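This is what each chain is made of:
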Amino acid sequence: GRELAKELWEMQFPEDCRGRRLMLHSLGDRSSGWGMGSMLHILSLALVAAYSENRTLVLPLQDKWWYAPDGCSPPGFGCFFEPLSSCKESDSTDIVSSEGVDISKTYVPPRYARQGLFWFRSQVMRLVWRPLPWVRGEVERRMAGIGW
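Remember, it's a predicted structure, so these values are computed and weren't measured experimentally.

Cut-offs and rules
Throughout this document, residue positions are counted from 1 along each chain, in the order its sequence is written. Local features are withheld for residues below a pLDDT of 70 in this predicted model, meaning they are given only at 70 or higher, and side-chain atom pairs are given and counted only at 80 or more; totals for whole chains, interfaces and linings count all residues. Excluded from the side-chain calculations are hydrogens and water; all other atoms, namely the structure's heavy atoms, are used. In this description, a nonpolar core means a group of buried Ala, Val, Leu, Ile, Met, Phe, Trp, Tyr and Cys residues linked to one another through side-chain atoms lying within 4.5 Å. Whether a residue is buried, partly exposed or exposed follows from its accessible area with a 1.4 Å probe, protein chains only, as a fraction of its type maximum: under 20%, in between, or over 50%, in that order. A run of H or I in DSSP becomes a helix once it reaches four residues, and a run of E becomes a strand once it reaches two; helices and strands are each numbered from the N terminus. Residue contacts are defined here by distance: any two heavy atoms, one from each residue, within 4.5 Å place the two residues in contact. Confidence of the predictor at the level of single residues is captured by pLDDT, which takes values from 0 to 100. Centre distance within 6.5 Å is the pairing criterion for rings of Phe, Tyr and Trp, where only the six-membered ring of Trp is used; planes under 30 degrees apart are then read as stacked, over 60 as edge-to-face, and the remainder as tilted. When two cysteine sulfur atoms lie within 2.5 Å, the pair is treated as a disulfide.

Looking at the nonpolar core
Now for step 1: Counting residues in each nonpolar core, the largest one holds 28 residues, and the members touching the most others are Leu57 and Phe77.
Now for step 2: Secondary structure elements with two or more residues in this core: helix H1 (2-12), helix H3 (36-52) and helix H4 (117-128).
Now for step 3: By residue number, the principal contributor to this core is H3, which donates nine residues.
Now for step 4: Residues contacting Leu57, with those up to four places away along its chain left out, are Gln12, Met23, His25, Leu43, Ala46, Leu47, Ala50, Leu84 and Ser85.

Have a look at this one:
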């Protein structure tokens, strides 16, 4: 998993974002009413699509996510999770939308096929599922409160 984790990290957090090939994914218009699991699944699929096209996945700076309350800073996904990338839309003019990419839900890059779909998607989710420290603390506090 370390090799893939390193590839994904370098793709999402390059030393220089200027001129990078980007893929823009919005949680806003697509997410209204979707459950948290569905949203993270779709976001991980967008990251897989970006990976398959050698692009860095970025979220719009002012993206709305129905889980994030108004006034949350940063808005959207960043309200609860670590940034998905160090890049932003303004870093490049080579941007495609994740909306126009057709990626199979069962896509696994050939060099990772032996490990299988579950392993591959788990590695992708490791990058997506990085709650902010205050979120982790709140979850731990509530778990302790119910005896977990």
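Some remarks on the confidence of the model for the protein chain
Now for step 1: The share of residues in the protein chain with pLDDT of 70 or more is 97%, and the mean pLDDT across the chain is 90.
Now for step 2: When mean pLDDT is taken per element in the protein chain, strand E2 (residues 56-58) scores highest with 97 and helix H2 (residues 28-31) scores lowest with 57.

A look at the packing of aromatic side chains
Now for step 1: Counting across every chain of the model gives seven aromatic pairs.
Now for step 2: Aromatic pair Phe77 and Phe81: ring centres 4.7 Å apart, planes at 15 degrees, arrangement stacked. Here Phe77 matches Phe81 in class, with each residue buried.
Now for step 3: Geometrically, the ring pair formed by Tyr112 and Phe120 is stacked, given 6.5 Å between the ring centres and 20 degrees between the ring planes. Across the pair, Phe120 and Tyr112 agree in class, each one buried.
Now for step 4: Site record: aromatic cluster; members linked through ring pairs are Tyr51, Tyr112, Trp119 and Phe120.

Focus on the state of the cysteines
Now for step 1: Per the counting criterion, the structure on display carries two disulfides.
Now for step 2: With its sulfur 2.2 Å from that of its partner, Cys17 forms a disulfide with Cys87. Its S-S torsion of about -80 degrees marks the bond between Cys17 and Cys87 as left-handed, since a negative value means left-handed. With Cys17 in the loop between H1 and strand E1 (22-24) and Cys87 in the loop between E2 and strand E3 (95-97), the pair connects residues that are 70 residues apart, well separated along the chain.
Now for step 3: Look at Cys87 and you get buried, because its relative accessible area is 7%.
Now for step 4: A sulfur-sulfur distance of 1.7 Å marks the disulfide that ties Cys72 to Cys79. Classification of the bridge connecting Cys72 and Cys79 rests on its S-S torsion, roughly 90 degrees, and on that basis the disulfide is right-handed. Accessibility classification places Cys72 together with Cys79 in one group, the buried group.
Now for step 5: Disulfide connectivity for the protein chain, with bonded cysteines indexed by sequence position, reads 1-4, 2-3.

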